[in-house]
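Observations on chain architecture
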Amino acid sequence: MFCPKCGSVVDENAPFCPNCGAALGQPQAQQQQQQQQPTVIYQQTTQQQSNIFAILGLVFAFIFPIVGLVLSIIGLNKAKEMNGEGHGLALAGLVVSIVEMVIVLIAVICVVALGAAAISNIPTYY
Ligand SMILES: [Zn+2]
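Residues numbered from 1 in each chain as written. Predicted model: local features only at pLDDT ≥ 70, side-chain atom pairs only at ≥ 80, totals over all residues.

**Section: the overall build of the chain**
Scanning the chain from N- to C-terminus turns up three helices and zero strands. Along its sequence from the N terminus, the chain presents helices and strands in the succession α-α-α. Long-range contacts, defined as pairs at least 24 residues apart, comprise 41% of the intrachain contacts of the chain with a sequence gap of at least 6. (Helix = DSSP H or I, 4+ residues; strand = E, 2+ residues; numbered from the N terminus. Contact = placed C-beta atoms within 7 Å.)

The following block contains the structure:
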């Protein structure tokens, strides 16, 4: 056979032309199957979506217990939809809200009781 590049006679089985060094036609150059890079696409399914209601519930639990309670309950429901995301927070908000309300309630009762006692102790001059 002839070298396609330089035209010199080369051995049929020679992989390269001895004259010019060109690779000879043998389809040995068959593109080795390009390494199939395992395209592992890490699906970012774990969008760390935070349970805003749970967070707000806990925050408001300290400021406005009633608002905190409502938000925490919403947060608990959201946590169920979000695979438990923020469940602990919502629960904490719920507890804090209730504790806060109980404290406020006791405080109010105390004030009222004291006030009532004070009023009843006011001597009536008239
Ligand atoms: Zn050649």
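That shown, we press on.
**Considering helix 3 (residues 87-121)**
Over its 35 residues, helix 3 extends 50 Å from the first C-alpha to the last, a length consistent with the 51 Å expected when each residue adds 1.5 Å. Along helix 3, the residues classified as buried are Leu89, Ala90, Gly93, Leu94, Val96 and Ser97. In this structure, the buried side of helix 3 is in contact with helix 1 (52-63) and helix 2 (65-81). (Expected span 1.5 Å × (residues − 1). Buried ≥ 20, exposed ≤ 12 C-beta atoms within 10 Å, placed from the backbone.)

**Some words on unusual backbone geometry**
Residue Asn83 is not a glycine yet carries a positive backbone phi of 55°. Accessibility expressed as a C-beta count within 10 Å gives 8 for Asn83, which makes it exposed.

**Some thoughts on the packing of helix 1 against helix 3**
For the pair helix 1 and helix 3, the least separation of the axes is 8 Å and the interaxial angle reads 20°. Relative to helix 3, the element helix 1 lies roughly parallel. Both helix 1 and helix 3 take part in a crossing whose hand is left-handed. Side by side, helix 1 and helix 3 meet where Phe53, Ala54, Ile55, Gly57, Leu58, Ala61 and Phe62 of the first sit next to Leu89, Ala90, Ala92, Gly93, Val96, Ser97 and Glu100 of the second. (Axes fitted to C-alpha atoms, helices over the stretch in contact; angles between N-to-C directions. Parallel < 35°, antiparallel > 145°, perpendicular 65-115°, else oblique. Left-handed = near helix turned anticlockwise from the far one by under 90°.)

**Some points on the environment of Ala79**
With respect to the element layout, Ala79 can be found in helix 2. On the basis of neighbour counts, which here come to 21 C-beta atoms within 10 Å, the residue Ala79 falls in the buried class. In sequence terms Ala79 and Leu91 are 12 residues apart; their C-alpha atoms lie 9.9 Å from each other. With near-sequence residues (within four places) excluded, Ala79 lies in contact with Asn51, Ala54, Gly84, Glu85, Gly86, His87 and Ala90.

That is the geometry; function is a separate question.
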